[in-house]
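So you can see what is in the structure, the chains are spelled out below.
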Amino acid sequence: PSRLGGPWLLGVLACLLLWGSPGAWASYLRRSSSCMPIPHRMALCYDIGYSEMRIPNLLEHETMPEVIQQSSSWLPLLARECHPDARIFLCSLFAPICLDRSIYPCRSLCEAVKRSCAPVMACYGYPWPEILNCNKFPADHELCIAAVSTDENSSSRRMPRASCKDCELEEASTAREILENLCANDFAVKIRILRKNMTTTISDFDLDPSRVEVLKHGPLLRTEIPARLQQWLDIDATCVHNIMRGTHAGVFVVSGEVQSDKVVVNKAYAWQKNRNLHQAVRRWKHHRCPEQVG
């Protein structure tokens, strides 16, 4: 197959060497476009793995200021970590590598990124744009840029995805506020989270099964809570990333809602050096929530 996966840049070059004559499209490129260094101000694609891009790009942006302006609008989506190949997909279009032949992303790459990222865009009222219509891109058996993150050995593992709802560490001012939050949510658990790697675009996280203390299980069985929380760690990349704040491991009290087959964490408190949290957890065993009174 002619798909270009990781290391995808080397794959591009190798396939081109075997491709033969660049043909009419290469003549058009030489006549109508030019190679330019990817500027530092183009945060989307700077340091992507190659240093020069072709102008006009594959989205028909004709000047570098236009490219920088249009590409910067995608940075918030990348920050949501909706798909590990989103940057490669976007940069293949915004900053195509400077070769004799135009190399588009594979249709399957587009579809994978869209599947994970379009729901996040919809959270903010933005549809998947027509310029990124996946049907426009070549099928996998043609020369194209393929997904890098595909791992056949972990096919049973769900792709991490961003959530619509932001999740940050809470800065509670009183133990009473924390108790009110625990009462308002379906479940509350004290857990230890471990980061499995520090190098990939989206890190993998594990729940330490020896450090799970169920404060409130709500509609869940106590025995199923660890598995549900591990599922949350696997799929809600944005929330977990925000909670961990770049650390390798941490102890947290998390609370949230049960939604059909998954749990959604709404609040998270860091355990370390949080006296109000320690006090609230000690008081929780004997605390009676307002709806339980009487």
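Here the residue index of a chain counts from 1 through its sequence in written order. The predicted nature of this model means local features are confined to residues of pLDDT at least 70 and side-chain atom pairs, given and counted, to a pLDDT of 80 or more, with totals for whole chains, interfaces and linings taken over all residues. Where side-chain values are given, they derive from all heavy atoms of the structure, hydrogens and water being excluded.

Asker: Would you mind going over the packing of aromatic side chains with me for this structure?
Answerer: Pairing of aromatic rings covers Phe, Tyr and the six-membered ring of Trp, with a centre-to-centre limit of 6.5 Å; geometry is then stacked below 30 degrees between planes, edge-to-face above 60, and tilted otherwise. Under the counting rule described, the total for this entry stands at four aromatic pairs. Their ring planes at 85° and their centres at 6.0 Å tell us that Phe 89 and Phe 137 sit as a pair that is edge-to-face. Residue Phe 89 is located in helix α5 (residues 86-94), and its partner Phe 137 is located in the loop between α6 (107-123) and β4 (144-145); the two are separated by 48 residues in the primary sequence. Each member of the pair, Phe 89 as well as Phe 137, is classed as buried. Aromatic side chains Tyr 104 and Phe 137 sit 6.3 Å apart centroid to centroid with 35° between the ring planes, which places their arrangement in the tilted category. Here Tyr 104 is found in the loop between α5 and α6, whereas its partner Phe 137 is found in the loop between α6 and β4, with 33 residues between them in sequence. Ring pairing ties together the aromatic residues Trp 74, Phe 89, Tyr 104, Trp 128 and Phe 137, which thus form one cluster. Every helix listed is a DSSP run of H or I at least four residues long, and every strand listed is a run of E at least two residues long, numbered separately from the N terminus. Categorising residues by exposure relies on relative accessible area from a 1.4 Å probe, with only protein chains included: less than 20% of the type maximum marks a residue as buried, more than 50% marks it as exposed, and the intermediate range marks it as partly exposed.

Asker: Just checking my understanding: could you explain the state of the cysteines for this structure?
Answerer: We call a pair of cysteine sulfur atoms a disulfide when they lie within 2.5 Å. In total, this model carries six disulfides according to the counting rule given. Through a disulfide, Cys 35 is tied to Cys 98; the S-S separation comes to 1.4 Å. Around the S-S axis, the bridge from Cys 35 to Cys 98 shows a dihedral of about -55° and counts as left-handed. A residue pair is termed long-range when its members are at least 10 positions apart, and Cys 35 in strand β2 (residues 34-37) and Cys 98 in the loop between α5 and α6 qualify at 63 residues. For Cys 98, a relative accessible area of 17% corresponds to the buried category. The disulfide bridge from Cys 110 ends at Cys 134, spanning 2.0 Å between sulfur atoms.

Asker: When you look at the side chain of His 83 in this model, what are you seeing that I'm missing?
Answerer: Looking at the element boundaries, His 83 is found in the loop between α4 (75-79) and α5. For His 83, the side chain forms a polar contact with the main-chain nitrogen of Asp 85, separated by 2.9 Å. We define a polar contact as two N or O atoms separated by no more than 3.5 Å, with the added condition that, inside protein, one atom must be a possible hydrogen donor and the other a possible acceptor, whereas residues neighbouring each other in sequence contribute only through side-chain atom pairs.

Asker: How do you make sense of the environment of Leu 277 when you look at a structure like this?
Answerer: Note that Leu 277 resides in helix α10 (residues 275-284). Between the alpha carbons of Leu 277 and Leu 179 there is a distance of 9.0 Å; along the sequence they are 98 residues apart. The contact criterion used is simple: two residues touch if any of their non-hydrogen atoms lie within 4.5 Å. What Leu 277 contacts, discounting residues up to four positions off in sequence, is Ile 178, Val 253, Tyr 269, Ala 270 and Trp 271.

Asker: How should the pattern of salt bridges be read in this particular structure?
Answerer: A carboxyl oxygen of Asp or Glu within 4 Å of a side-chain nitrogen of Lys or Arg is what we treat as a salt bridge. Tallied over the full model, the rule gives four salt bridges. With a closest N to O distance of 3.7 Å, Lys 267 and Glu 170 form a salt bridge. Of this pair, Lys 267 sits in strand β9 (residues 262-270) while Glu 170 sits in the loop between β4 and α7 (175-184), and the two are 97 residues apart along the sequence. What makes Lys 267 partly exposed here is its relative accessible area of 28%. A relative accessible area of 26% places Glu 170 in the partly exposed class. Two residues, Asp 208 and Arg 192, come together in a salt bridge whose shortest N-O distance is 3.2 Å. Pair noted here: Asp 208 is in the loop between β6 (205-207) and β7 (213-216) and Arg 192 is in strand β5 (residues 187-195), with a separation of 16 residues, a long-range link. Assessed through its relative accessible area of 11%, Asp 208 is described here as buried. On the basis of relative accessible area, Arg 192 is assigned to the partly exposed category, the value being 24%.

Asker: Before we go on, may I ask you to explain the nonpolar core in this structure?
Answerer: Only buried residues count toward a nonpolar core. Its members are Ala, Val, Leu, Ile, Met, Phe, Trp, Tyr and Cys residues joined through side-chain atoms within 4.5 Å. Ranked by internal contacts, the top residues of the largest apolar core, which has 40 residues, are Ile 38, Met 42, Met 53, Trp 74, Phe 89, Trp 128 and Leu 132. Within the residue set of this core, elements represented by two or more residues are β3 (52-55), α3 (64-72), α5 and α6. Apart from residues lying up to four places away in sequence, Trp 128 is in contact with Phe 89, Cys 110, Val 113, Lys 114, Cys 117, Ala 118, Met 121, Asn 133 and Cys 134. Residues Phe 187, Leu 233, Val 240 and Val 263 belong to the second largest nonpolar core, which totals 22 residues.

Asker: Explain the packing of α7 against α10 here, please?
Answerer: Here the axes come from fitting lines to C-alpha atoms, over the contacting stretch only for helices, and the angles between their N-to-C directions go from 0 to 180 degrees. The interhelical angle for the contact between α7 and α10, taken along N-to-C directions, is 50°, at an axis separation of 8 Å. The angle between α7 and α10 places the two elements in the oblique class. Note that α7 runs across α10; the crossing there is right-handed. Residue-level contacts link Ala 175, Ile 178, Leu 179, Leu 182 and Cys 183 of α7 to Asn 276, Leu 277, Gln 279, Ala 280, Arg 283 and Trp 284 of α10. Each residue is assigned to one class: nonpolar for Ala, Val, Leu, Ile, Met, Phe, Trp, Tyr, Cys and Pro, charged for Asp, Glu, Lys and Arg, and polar for all the others, Gly among them. In terms of residue class, the contact of α7 with α10 is made up of eight nonpolar, two polar and one charged. Throughout, the term roughly parallel applies to angles under 35 degrees, roughly antiparallel to angles over 145, roughly perpendicular to angles from 65 to 115, and oblique to all others. Whether a crossing is left-handed or right-handed is set by the direction in which the near helix is turned from the far one by less than a right angle, anticlockwise for left-handed and clockwise for right-handed.

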